[in-house]
Amino acid sequence: MKYCTHCGKELFDEAVLCPGCGCAVDGQNKHIFNNPSGDGTALLNTLSQRLNTNGIIWLVIGILQILGGIFINWFLLIVGVLNVVSSVQDMKYSKTLLENSTGIVAKFEPLTGPIITLVYNLVIGGVIGVVGSIYYFFAIRNYVMENKQFFASLDAENS
C-alpha cells in the first residue's frame, strides 16, 4: 500500500494526484512511503491541530451551556461542565499526541463514547452541543479512519 508524502492519504498504484491534498504524484514524488515513518509528522500535526480545535469548540459550547444552566435550566450546568472537562482533555491530548503517538486508532475507532456525547448533548444540552459532535465525527474520527493504516503502523513502530 502506498501513501502520499504530503498528507499521508492512501493512494492507488496508478494515482497521478492525491485525492486527499491534490498534490501531484509524479516520478520524483514516488518515494511515497510503504513504511510511513518519515513524513508522518504532517499527519500527526494535522490531527493535533484538529484535536485542539475540537477542544476550543467544546470549551465554547460548554461555557454557553453553563451560562444557560445558570439562567435557564440547571440541567445545562451538568452537560456544560462535562463538555468543559472534555475540551480540556482534548487540548491536553493534542499536545501529548505529538510526543506519544501510540493507540490513536484504538482511541478514535470506537463509536460508543462519541454517540453518547451526541445524545446527551442533543437531549439535555440542546442543539448547540451537536455542533461539536459533528466536528468530531467529520474532522477528527473520519481523518483517523482515512489514515488508519498509518496510525496503526505507529503502534507497530513503537512496540
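Above this text is the structure in question.
Residues numbered from 1 in each chain as written. Predicted model: local features only at pLDDT ≥ 70, side-chain atom pairs only at ≥ 80, totals over all residues. Heavy atoms only, no water.

**Student:** How should I be thinking about the overall build of the chain in this particular structure?
**Tutor:** Secondary structure assignment for the chain yields six helices and two strands. Along the chain, helices and strands appear, N-terminal first, in the series β-β-α-α-α-α-α-α. Across the 159 residues in the chain, those meeting the buried criterion constitute 37%. Counting every atom, the chain has about 8,800 Å² of accessible surface; 65% of that belongs to carbon and sulfur. (Helix = DSSP H or I, 4+ residues; strand = E, 2+ residues; numbered from the N terminus. Buried < 20%, exposed > 50% of the residue type's maximum accessible area, 1.4 Å probe, protein only. Areas by Shrake-Rupley, 256 points an atom, 1.4 Å probe, with all protein chains shown as cover.)

**Student:** Would you explain helix H4 (residues 112-125) in this entry?
**Tutor:** One turn of an α-helix holds 3.6 residues; hence residues three or four places apart share an orientation. For H4, built from 14 residues, the straight-helix expectation of 20 Å at 1.5 Å per residue is met to within 8% by its first-to-last C-alpha distance of 18 Å. All of the buried residues along H4 are Pro114, Asn121 and Gly125. Looking straight down H4, one finds its buried side chains confined to an arc of 55°; they lie on one side. The outward face of H4, more than 90 degrees from its buried face, is lined by the exposed residues Thr112 and Val123. Buried residues along H4 sit against helix H1 (40-71), helix H2 (75-99) and helix H5 (128-146). With its phi angle positive at about 90°, Gly126 sits one or two positions after the end of H4. (Expected span 1.5 Å × (residues − 1). Arc of directions from axis to C-beta. Contact = heavy atoms within 4.5 Å.)

**Student:** Looking at this model, I keep getting lost on the side chain of Asp90. Mind explaining?
**Tutor:** Within the fold, Asp90 resides in helix H2. The buried charged residue Asp90 lacks any salt bridge partner; its closest oppositely charged side chain belongs to Lys107, at an N-O distance of 5.4 Å. In this view, Asp90 contacts Leu51, Asn54, Gly55 and Trp58; residues no more than four positions away in its chain are not counted. (Lys, Arg positive; Asp, Glu negative; His and termini not counted. Salt bridge = Lys/Arg side-chain N within 4 Å of Asp/Glu carboxyl O.)

**Student:** Looking at this structure, I do not really get H5. What am I missing?
**Tutor:** With 19 residues, H5 should cover 27 Å at 1.5 Å per step; its first-to-last C-alpha distance of 27 Å lies within 8% of that length. Along H5, the largest kink reaches about 30° and is centred on Phe137. Looking only at H5, the buried set comprises Gly129, Val130, Gly132, Ser133, Tyr136, Ala139, Ile140, Arg141, Tyr143 and Val144. (Bend = angle between axes of the 7 residues up to and from the residue.)

Remember that the coordinates give geometry; whether it matters functionally is a separate question.
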